[in-house]
Amino acid sequence: MLLSCKSTNSDTQHADLLSLSLVGGLSDAPAEEPVELDLPQIKKRGRLIAIVDNSSTSYFIYKGQAMGYEYDLLTRLAQKLGVDLEIVITTSLDKAFEMLQRGEGDIIAHNLTITKERRAKIAFTLHHNEVRQVLVQRKPKAWRNMTLDNIDKKLIRNPLDLAGKEVYVKKNSSHFSRLVNLSDEIGSDITIREEDPSVEVEALIKKVAKGEIDYTVADENIAQLNAAYYANLDVKTPLSFHQRIAWGVRTNAPELLKAVNSWIKDIRKTPDYAVIYNKYFKNRSNMKMLASSSYSSISGSQLSPYDKHIKDAAAKIGWDWRLLAAVVYQESKFNPEAESWMGASGLMQLMPETAEIFGAADPMDPRQSIMAGASYLQWLDKFWADEVPDPDERKKFVLASYNVGQGHVLDGRKLARKHGRDPQVWEDNVAYFIEKKADPAFYNDEVVSLGYCRGSEPVRYVKNIMQRHARYRQLIPDEVAPEGVKEPLLASAK
């Protein structure tokens, strides 16, 4: 079969394009039968698993907070469904489709173009956006000193002029498919260079800006967002009509599809949707700042200005620094001047007595607060070591104790034991009975020592930190603990 285009892989020339889907951007590998998993099972499980992309529009971390257009919408969808949101990241669409079919995710929330070929693989939701595909190219070198007309003359404004040009796109993407069709439409060859499916579209845009490649293709909203950051980019040449952007679910999940569609209909009528869209696609100066920040997982690997202190403290108590960072964010959102109405202060929100015991003469000092808070966590870990031998499970007891005190956690363990639950397991066991301590039938039980507790707060506290830690681990690189850091951080409790 001969096509009016030349398609090459970055590493290998491909003469035969039959193995590629010319419309849908999906490989022709045999499709797996999707697992039987619909909305009732998702609700029973208690969480919606979303497969997303790590990009400035889909999902990223900024100063410790998860953000992104897709992410913000997904959080609202999960709230509507009454479940937690779990995020899984992959940049490869092929892998995303495979994960969906295996039940490793429930919804693909990439910037998915609706195509006929993809409809054979997944069920598309109602579209939540419409965009065109555009050519991403560099302005002339001296563009700042040129008139707009002269700039236009140096750029490709007619798709016909792509004949003979070399364009880089992500393999198995709708951008590849569009170029194949465009080459046929103009009756001339376009040399299509296929990048690995794991390559981010934004990475290709960056290569154009830096002069490493001359052309790529992107959805207009993403292209415009990046053009605000790279001033030398031009993204004004459309290569397609407006196309619908949607999410995808399994073809055998009709109840989930119905629920998501109903939610999309409703949210698109609300100011909340407009605010979310404008936040990421219209407020380009703000997104330019986010994209270039060292505290953004898109361009940097820092969570806060206090990462060094957090890493030092975490290494000394044997914790993943990202878990300790999740605690700091939960306590103060990385604000060293935070104060609570109860008198807790600083990054780790230490009460005056606790700060004094664990060595923070000035709890507003970032390093002192982090070191003292870590010392307290280490003390709590030793407190629970014999009772909860599993170190990963024990961290949940430590976190709950940091929030509400170990006395209420001990009560939860007593109630769990009395009612035949496992006192060494947090979720659905001890956590369940700590929440029950808001009920007189339980806080008046003879085994309870400390009485009433608004138990939903420590349970939510632990859940939030563990979820945040999982997200930090996805996007922020691990670091080996500094050599020689073996001395205990723990101060003696009085």
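This report concerns the structure included in the present document. (Residues numbered from 1 in each chain as written. Predicted model: local features only at pLDDT ≥ 70, side-chain atom pairs only at ≥ 80, totals over all residues. Heavy atoms only, no water.)

## What to know about the overall build of the protein chain
Formally: Going along the chain from the N terminus, every DSSP run of H or I of four or more residues is numbered as a helix, and every run of E of two or more is numbered as a strand. Each residue is placed in one exposure class: buried if its accessible area under a 1.4 Å probe, protein chains only, is under 20% of its type's maximum, exposed if it is over 50%, and partly exposed if it falls in between. Here, residues are in contact when the closest pair of their heavy atoms is within 4.5 Å. Accessible areas in this description were obtained via Shrake-Rupley with a 1.4 Å probe; residue shielding takes into account the shown protein chains only. Charge convention: Lys and Arg are scored as positive, Asp and Glu as negative, and His as well as the terminal groups of each chain are ignored. The atoms used to mark charge sites are NZ of Lys, CZ of Arg, CG of Asp and CD of Glu.
When helices and strands are tallied, the protein chain shows 20 helices and 14 strands. Along the first, second and third principal axes, the C-alpha set of the protein chain runs to 85 × 55 × 45 Å. Across the 494 residues in the protein chain, those meeting the buried criterion constitute 53%. Of the contacts made within the protein chain by residues no fewer than 6 positions apart, 70% connect residues no fewer than 24 positions apart. Summing over all exposed atoms, the protein chain offers an accessible surface of approximately 22,900 Å²; the carbon and sulfur share of this is 48%. The average position of the 66 basic charges and that of the 67 acidic charges among the side chains of the protein chain differ by 4 Å.

## Some points on the pairing of strand β2 (residues 47–52)
Two faces belong to every sheet, and in a regular strand the side chains alternate between them. Our working definition: For two strands to pair, DSSP has to find at least two bridges joining them.
Burial analysis of β2 places five of its six residues in the buried class, the great majority of the element. Both β2 and strand β5 (residues 84–89) contribute to a ladder of six bridges, which runs parallel. Residue A50 lies in a different strand from β5, and its bridge partner there is I87. Here β2 runs beside strand β6 (residues 107–113); their pairing, made up of two bridges, is parallel. Note that in β6 the partner of A50 across the bridge is I107.

## Some thoughts on the side chain of Q406
Here Q406 is to be found in helix α17 (residues 406–418). In this view, Q406 contacts Y376, W379, L380, F383, W384 and S401; residues no more than four positions away in its chain are not counted.

## Digging into the pattern of salt bridges
Selection criterion: Any carboxyl oxygen of Asp or Glu within 4 Å of a side-chain nitrogen of Lys or Arg constitutes a salt bridge here.
Enumeration over the complete set of coordinates arrives at 23 salt bridges. Between R157 and D152 there is a salt bridge, and its shortest N-O distance comes to 3.0 Å. A salt bridge links R157 to D234, with the nearest nitrogen and oxygen atoms 2.7 Å apart. Taken together, the positions of R157 in the loop between α5 (148–154) and β10 (166–170) and D234 in strand β13 (residues 233–238) put the pair 77 residues apart, joining distant regions of the chain. Shared partners join several salt bridges into a network, and the residues in it are R45, D106 and R250.

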